[in-house]
Amino acid sequence: MRHFLRDDDLTAAEQAEVLALAATLKAKPFEHQPFAGPHTIAMIFDKPTLRTQASFAAGIAELGGHPLLVEGKLAGIGHRESIADVARVLGRQAAAIVWRTFEQSRIDEMAAYAGVPVVNALTDDFHPCQLLADLLTVQEHKGTLAGLKVAFVGDAACNMGNSWAVAGGLAGMQVVFGCPEGYAPAVGDAPATTDPVAAVTDADVVVTDTWVSMGKEEEAEARKAIFAPYAVTSELMAHAKPDAIVLHCLPAYRGSEISAEVLDGPQSVVWDEAENRRHAQKAILAWLEARRHD
Ligand code: NVA
């Protein structure tokens, strides 16, 4: 039984295999139906969601399955009922469990007791499904991953920074973080600089994310001041390669971490990126299902 709790739950070769499957499923969305029956896949959200819920629900349906939304607040996971008990109950109803939650330890515990594959749909520490979608998007636009320079600018001490550090490294990309002192990723060995221009210079891919991740809302004002020099604007983009693409996992705050001109401009591939969540997540669900008895 395999789970997808963090980006390096896949080896580099497995990541490439899942990305290839995602591209195949994108070309032929209804041809592969490992959850026909339909088998149920449970989705639980302890934090807000739009893309993740929509793309998992649509993708599970395309795989022949039935997406079951378990309301995180009603279930009260971890206080009304222990994570281990929820895992054992849901594992008897569902072929897989998709969970967006807070601490990584919560999803680790779910995986330990579920008896079915568990997929991380964002925790405080990692957002590995988003990274599969991001890598698929880069591959589509650039034709390759290995050797490309990626500049992640802004708050890199969040799930997206950590996931880029790990997944970008697995893909053989040169990931550089442009972030304030103390806001570099907690994992991986990618270089970080406090100079956003140095980070972006000659980049093939420029990535940013909100300065105020879910759960950090009380720090919003302080964060706006800390990250102000790291906004992805046309002036900053002028230092990247002329054909650089821009990624943002969304939701985006135009005028904060990214200007409207860049987000809505010709270098932005954020709508492809949002669509690719579905294809990438179908691929990881199908891939895990095929290894259920390993
Ligand atoms: N870092 C952001 C990602 C949103 C998809 C957050 O955790 O809120």
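To keep things clear, this report deals only with the structure shown in the data block. (Residues numbered from 1 in each chain as written. Predicted model: local features only at pLDDT ≥ 70, side-chain atom pairs only at ≥ 80, totals over all residues. Heavy atoms only, no water.)

1. Looking at the sheet that holds strand S3 (residues 96-100)
Our working definition: Here, a strand pair is defined by DSSP locating no fewer than two bridges between the strands. Secondary structure elements follow DSSP: runs of H or I of four or more residues count as helices, runs of E of two or more count as strands, with numbering from the N terminus. Geometry is summarised by axes, namely lines fitted to C-alpha atoms with helices restricted to the contacting stretch, and by angles between N-to-C directions that run from 0 to 180 degrees. Every residue pair with non-hydrogen atoms within 4.5 Å of one another is taken to be in contact.
Strand order in the open sheet formed by 4 strands is S2-S1-S3-S4, and the pairing between neighbours is parallel. Since the sheet does not close on itself, it has two edges, and those belong to strand S2 (66-71) and strand S4 (118-120), each with one partner. The average undirected angle you get between the axes of adjacent strands in this sheet is 25°. Of the pairings in the sheet, the one linking S3 to S4 comprises 3 bridges and is parallel in character. Paired with Trp 99 across the two strands is Asn 120, which belongs to S4. Where helix H4 (residues 83-91) meets the sheet, it contacts strand S1 (40-45), S2 and S3, and its direction lies at approximately 140° from that of S3.

2. Things to note about the nonpolar core
Stated formally: Here, nonpolar core means buried Ala, Val, Leu, Ile, Met, Phe, Trp, Tyr and Cys residues that are tied together by side-chain atoms lying within 4.5 Å of each other. Relative accessibility thresholds used throughout: buried, under 20% of the residue-type maximum; exposed, over 50%; partly exposed, between the two (1.4 Å probe, protein chains only).
The biggest cluster of nonpolar side chains holds 56 residues, and the ones touching the most others in it are Phe 56, Trp 164, Met 173 and Leu 285. Counting residues in hydrophobic clusters, the runner-up holds 19 residues, among them Ala 75, Val 86, Ala 94 and Val 118.

3. What about the pattern of salt bridges?
Note the cut-off: One side-chain nitrogen of Lys or Arg within 4 Å of one carboxyl oxygen of Asp or Glu is enough to make a salt bridge.
Enumeration over the complete set of coordinates arrives at 17 salt bridges. A salt bridge links Glu 62 to Arg 278, with the nearest nitrogen and oxygen atoms 3.0 Å apart. Taken as a pair, Glu 62 in helix H2 (residues 51-62) and Arg 278 in helix H12 (residues 270-290) lie far apart in primary sequence, 216 residues in all. For Glu 62, a relative accessible area of 10% puts it in the buried group. Note that Glu 289 and Arg 292 form a salt bridge whose closest N and O atoms lie 2.9 Å from each other. What you see here is one network of salt bridges that share partners, running through Glu 62, Arg 278 and Lys 282.

4. Structural notes on the packing of H2 against H12
Heads up, the condition is: Roughly parallel means an angle under 35 degrees; roughly antiparallel means over 145; roughly perpendicular covers 65 to 115; every other angle is labelled oblique. Left-handed describes a crossing whose near helix is turned anticlockwise from the far helix through less than a right angle; right-handed describes the clockwise counterpart. Only Asp, Glu, Lys and Arg are considered charged in this grouping, and only Ala, Val, Leu, Ile, Met, Phe, Trp, Tyr, Cys and Pro are considered nonpolar; every other residue, Gly among them, is considered polar.
Between H2 and H12, whose axes approach to 8 Å, the crossing angle comes to 50°. Judged on the interaxial angle alone, H12 and H2 are oblique. Considering how the two elements wind past one another, H2 and H12 form a crossing that is right-handed. Counted together, Arg 51, Thr 52, Ser 55, Phe 56, Ala 58, Gly 59, Ile 60 and Glu 62 of H2 and Ala 274, Arg 277, Arg 278, Gln 281, Lys 282 and Leu 285 of H12 form the full contact between these two elements. For the contact of H2 with H12, the class distribution of residues is 5 nonpolar, 4 polar and 5 charged.

5. Regarding the packing of aromatic side chains
Applied cut-off: A pair of aromatic rings is counted whenever rings of Phe, Tyr or Trp (Trp by its six-membered ring) have centres within 6.5 Å, and the orientation is called stacked for planes under 30 degrees apart, edge-to-face for over 60 and tilted otherwise.
All told, the structure shown has 3 aromatic pairs when counted by the stated rule. Ring plane angle 70° and centroid distance 5.0 Å describe the contact between Tyr 183 and Phe 227, whose orientation is recorded as edge-to-face. Separated by 44 residues along the polypeptide, Tyr 183 in the loop between strand S6 (174-178) and strand S7 (192-193) and Phe 227 in helix H9 (residues 220-227) bring together distant segments of the chain. Residues Tyr 183 and Phe 227 agree in their burial class; the two are buried.

6. A look at helix H7 (residues 159-170)
Convention followed: Multiply 1.5 Å by the residue count of a helix minus one, and that product is the helix's expected span.
A rise of 1.5 Å per residue sets the reference length of H7, with its 12 residues, at 16 Å; its end C-alpha atoms lie 16 Å apart and thus fit the reference within 8%. Burial analysis of H7 places 10 of its 12 residues in the buried class, the great majority of the element.

7. Brief notes about the side chain of Arg 292
The condition is simple: Identification of polar contacts relies on pairs of N or O atoms within 3.5 Å, with a donor-acceptor requirement for protein atoms, meaning one able to donate a hydrogen and the other able to accept it, and with residues adjacent in sequence counted only if both atoms are side-chain atoms.
Topologically, Arg 292 is positioned in the segment after H12. Accessibility expressed as a relative area gives 16% for Arg 292, which makes it buried. Within the local environment of Arg 292, its side chain forms a polar contact with the backbone oxygen of Ala 95, the two atoms lying 2.6 Å apart. Arg 292 has contacts with Met 1, Ala 95, Val 116 and Pro 117, leaving out every residue within four places of it along the chain.

8. Topic: the side chain of Asn 276
By the element assignment, Asn 276 lies in helix H12. Classification of Asn 276 by relative accessible area gives buried; the value is 0%. For Asn 276, the side chain forms a polar contact with the side chain of Glu 140, separated by 3.1 Å. Discounting residues that sit within four places of it in the chain, Asn 276 has contacts with Lys 26, Ala 133, Leu 136, Thr 137 and Glu 140.

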